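Reading the structure
Listed below are the residues making up each chain.
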Amino acid sequence: MLEKLPEAIGHALSGVRAGLDDIVFNTAGLRAGHGTLELTSLAFGDHAPIPQRYTADGEGLSPPLAWTGVPAGTAELVLIVEDADSPTPWPLVHAIAVKLPSEDGHLSEGAWPSPDHEGEGLHAGRNSYLQAAWLPPDPPPGHGPHRYAFQLYALAAGEPLDETPGRDALVDAIKARAMASGLLIGTYARGDGTIPVGDAGAVAAG
């Protein structure tokens, strides 16, 4: 959707970013004794580029994820993906998943619904566009690299979440019930309106 935005606008907005300090992981006020979950992806490493396949410039599928270290006593896992560098007052929510099984596990590629893809029956919450779906990374051309924070939380038993909760409801549950958390950051950028950063060499060569 933003790929046709003039690159000059992206450059003008380059200093306007929500900020990593404002993602849920850094604002939820997690309690002492909080545990650590290991969250990884076969598609990209921590702080490494997200392949185009999982963005608005490709198929727009959600990437595969896997996790370990779920503590005893976990009632459910929840997951939220935020763009820490969106030119908005708060990080843009790209996806939420709730009611994940309380054990080490994974999400397959395309688990969330996304454009032209039905997903795999995941309990999806509402992203910033109020869709219970995966919102593929779509940064403004020329805005620079965006950091997409994949955040996983193990929750103790408590007040059930709605079927499709938004960010605020999820944050309340995390503040009240989080026992452990994990963070994985992937990056993506567009250099201009057509060529994502990192793909220019391949285009020139081919």
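Quick look at the structure, then. Computed from a predicted structure; not experimentally measured.

This paragraph deals with the pairing of strand β4 (residues 65-68). Residue alternation in β4 divides its side chains into a buried set, Leu-65 and Trp-67, and an unburied set, Ala-66 and Thr-68. Across three bridges, the pairing between strand β2 (residues 38-40) and β4 is antiparallel. Its bridge partner being in β4, Thr-40 is matched across the sheet by Ala-66.

To continue, consider the environment of Ala-178. Positionally, Ala-178 belongs in strand β9 (residues 178-188). Judged by its relative accessible area of 5%, Ala-178 falls in the buried class. Measuring from C-alpha to C-alpha, the distance between Ala-178 and Val-78 comes to 9.6 Å, with 100 residues separating the pair along the chain. In this structure Ala-178 touches Leu-30, Arg-31, His-34, Tyr-153, Ala-154, Leu-155 and Ala-173, once residues within four positions along its chain are discounted.

Among the residues making up helix α3 (residues 167-177), those that are buried are Arg-167, Leu-170, Val-171, Ala-173, Ile-174 and Arg-177. Within α3, the buried residues cover an arc of 165° as seen down the axis, which keeps them to one side. Seen from the open side of α3, the exposed residues pointing more than 90 degrees away from its buried face are Asp-168, Asp-172 and Ala-176. Elements that come into contact with the buried residues of α3 comprise α2 (24-27), β5 (76-83), β6 (92-100), β8 (146-155) and β9.

Thresholds, definitions, all that
- Once a new chain begins, its residue numbering starts again from 1 and follows that chain's sequence as written.
- Per-residue local features of the predicted model are confined to residues with pLDDT of at least 70, and side-chain atom pairs are confined, for both listing and counting, to 80 or more; whole-chain, interface and lining totals are unaffected and use all residues.
- Based on all heavy atoms of the structure, the side-chain values leave hydrogens and waters out of the count.
- A 1.4 Å probe rolled over the protein chains alone gives each residue an accessible area, and that area as a share of the maximum for its type sets the label: buried under 20%, exposed over 50%, partly exposed in between.
- Strands here are runs of E lasting at least two residues and helices are runs of H or I lasting at least four, both read from the DSSP assignment and numbered beginning at the N terminus.
- What makes two strands pair is DSSP finding at least two bridges between them.
- Throughout, a residue-residue contact means that at least one pair of heavy atoms, one from each residue, lies within 4.5 Å.
- In this description, the arc belongs to the directions extending from the helix axis to the C-beta atoms.

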